[in-house]
Amino acid sequence: MNIKLLICDDDLIFAEALRQFLSEKLPDTVRFQVCGDRNGLMKLLEENHHCDLLLMDICLEEDNGISLAKELLTCFPQMPVIFITGYPDLYYEKVFLSLRPYGFVKKPVNEQLLLTLIDRAAEEIRRTRQDSRQWILLKTKNGIEKISVAQIRYVESRKHMLIVHGIRNIWETYGRLGDMAAEMPDYFFYCHKSFLVNAHYIQSYEGSYFTLDDGSHISISQNRRKEIRVKFFEYLEKDKE
């Protein structure tokens, strides 16, 4: 299970050094991205659809990390935030009056403390991930929309756009199909570089494509057919239980 960790600090040299340190200490399943301001952070969240854990500098060059985190938590309420600052005495009280952060680390960073906080957060993320997979947050032309995963038939990738085909609606958002596939329940099959399909809506299986309940045909890539065949029949067995 992949965990997405974002580091937001306007000191990019520090942020990159922190990323390098954490990448050496944490498992390969933790994926890191770095940004230096609000625009960079919003762009990464838009591309990834969510963030599992945010390391946030309080004193950004043109922003306040506390206010920015509070704003983000309205859209991503389950996201743990660990604040990092070189001025702990100045901001400690304000942080805990404004919101409930997962942690608070002063610079220079106590490496063991930070690793402990991240390990604890990762464990909680693992325990709650299955429940959180019941919904997905998409940034569409209408803003951030919360969509029931069970209502999605399939997702189609067209260049940099994801077309999410639901039972009653179709949503469009920017992102990578592989990233969305990693966040979906096991009954979603990443059967083609351009398609992610919900097995609950598969009507028939022809080896090279699925036919869904609405008549849609979803292609299965040649190099994924063996893997998808195994997954599909495992799904059918579980469905019988």
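Residues numbered from 1 in each chain as written. Predicted model: local features only at pLDDT ≥ 70, side-chain atom pairs only at ≥ 80, totals over all residues. Heavy atoms only, no water.

A. Representation of the packing of aromatic side chains. Under the counting rule described, the total for this entry stands at nine aromatic pairs. An angle of 40 degrees between the planes, with centres 6.3 Å apart, marks the rings of F189 and F210 as tilted. Within this pair, whereas F189 is found in strand β13 (residues 188-192), its partner F210 is found in strand β16 (residues 209-212), the two being separated by 21 residues in sequence. Comparing F189 with F210 shows no difference in burial state: the two are buried. Between the aromatic rings of Y205 and F232, the centroid separation amounts to 5.1 Å while the plane-to-plane angle is 50 degrees, which identifies the pairing as tilted. Of this pair, Y205 sits in strand β15 (residues 202-205) while F232 sits in helix α7 (residues 225-240), and the two are 27 residues apart along the sequence. Clustering of aromatic rings is evident, with ring pairs tying together F189, Y205, F210, F232, F233 and Y235. (Phe/Tyr/Trp six-rings, centres within 6.5 Å; stacked < 30°, edge-to-face > 60°. Helix = DSSP H or I, 4+ residues; strand = E, 2+ residues; numbered from the N terminus. Buried < 20%, exposed > 50% of the residue type's maximum accessible area, 1.4 Å probe, protein only.)

B. Molecular detail of helix α1 (residues 12-25). Between its first and last C-alpha atoms α1 spans 20 Å; for 14 residues at 1.5 Å apiece the expected length is 20 Å, and the two agree. For α1, the set of buried residues is A15, L18, F21 and L22. End-on view of α1: buried residues confined to an arc of 125 degrees, all on one side of the axis. Turned more than 90 degrees from where α1 packs its buried face, I13 and E24 sit exposed. (Expected span 1.5 Å × (residues − 1). Arc of directions from axis to C-beta.)

C. Quick peek at the pairing of strand β1 (residues 3-8). Where burial is concerned, most of β1 is hidden: six out of the six residues are buried. Judged by which residues are buried, β1 turns out to be covered on both faces: I3, L5 and I7 on one side and K4, L6 and C8 on the other are all buried. The sheet contact formed by β1 and strand β2 (residues 30-35) spans six bridges and is parallel. If you follow C8 over to β2, its bridge partner there is C35. Here β1 pairs with strand β3 (residues 53-57) via four bridges, running parallel. Opposite L6, over in β3, you have L54 as the bridge partner. (Pairing = 2+ DSSP bridges.)

D. Representation of unusual backbone geometry in the model. Residue K107 is joined to P108 through a cis peptide bond whose omega torsion reads -5 degrees. Residue position: P108 is located in the loop between β7 (103-106) and α5 (111-132). Backbone geometry places K159, a non-glycine residue, at a positive phi of 55 degrees.

E. Representation of the sheet that holds strand β10 (residues 152-158) within the structure. Taken in spatial order, the five strands make up an open sheet running β12-β11-β10-β14-β13, and their pairing is antiparallel. Among the strands making up the open sheet, the edge pair consists of β12 (170-174) and β13. Geometrically, the sheet is characterised by an average inter-axis angle of 20 degrees between neighbouring strands, direction not taken into account. As paired strands, β10 and strand β11 (residues 161-166) are joined by six bridges and run antiparallel to one another. When the bridges of β11 are listed, S157 appears paired with L162. (Axes fitted to C-alpha atoms, helices over the stretch in contact; angles between N-to-C directions.)

F. Local environment of the nonpolar core. Counting residues in hydrophobic clusters, the biggest one holds 23 residues, and the most contacted among them are L41, L54, M56 and F83. At the level of secondary structure, the elements contributing two or more residues to this core comprise β1, α2 (38-48), β3, α3 (65-73), β6 (81-85) and α4 (88-98). Considering each element in turn, this core owes the most residues, four residues, to α3. Filtering out sequence-adjacent residues up to four positions away, L54 remains in contact with L6, C8, L41, L72, M79, P80, V81 and I82. Core analysis: the second largest hydrophobic core is formed by 20 residues, L22, L53, I84 and V105 among them. (Core = buried A, V, L, I, M, F, W, Y, C linked by side-chain atoms within 4.5 Å. Contact = heavy atoms within 4.5 Å.)

G. Just the sheet that holds β16, in detail. Ordered by their spatial adjacency, three strands build an open sheet running β15-β16-β17, and the pairing between neighbours is antiparallel. Edge positions in the sheet fall to β15 and β17 (217-219), since each of these pairs with one other strand and no more. For this sheet, the mean inter-axis angle between neighbouring strands, taken without regard to orientation, is 30 degrees. For β16 and β17, the ladder comprises three bridges, and the chain directions are antiparallel. Residue pairing across strands places F210 opposite I218, the latter belonging to β17.

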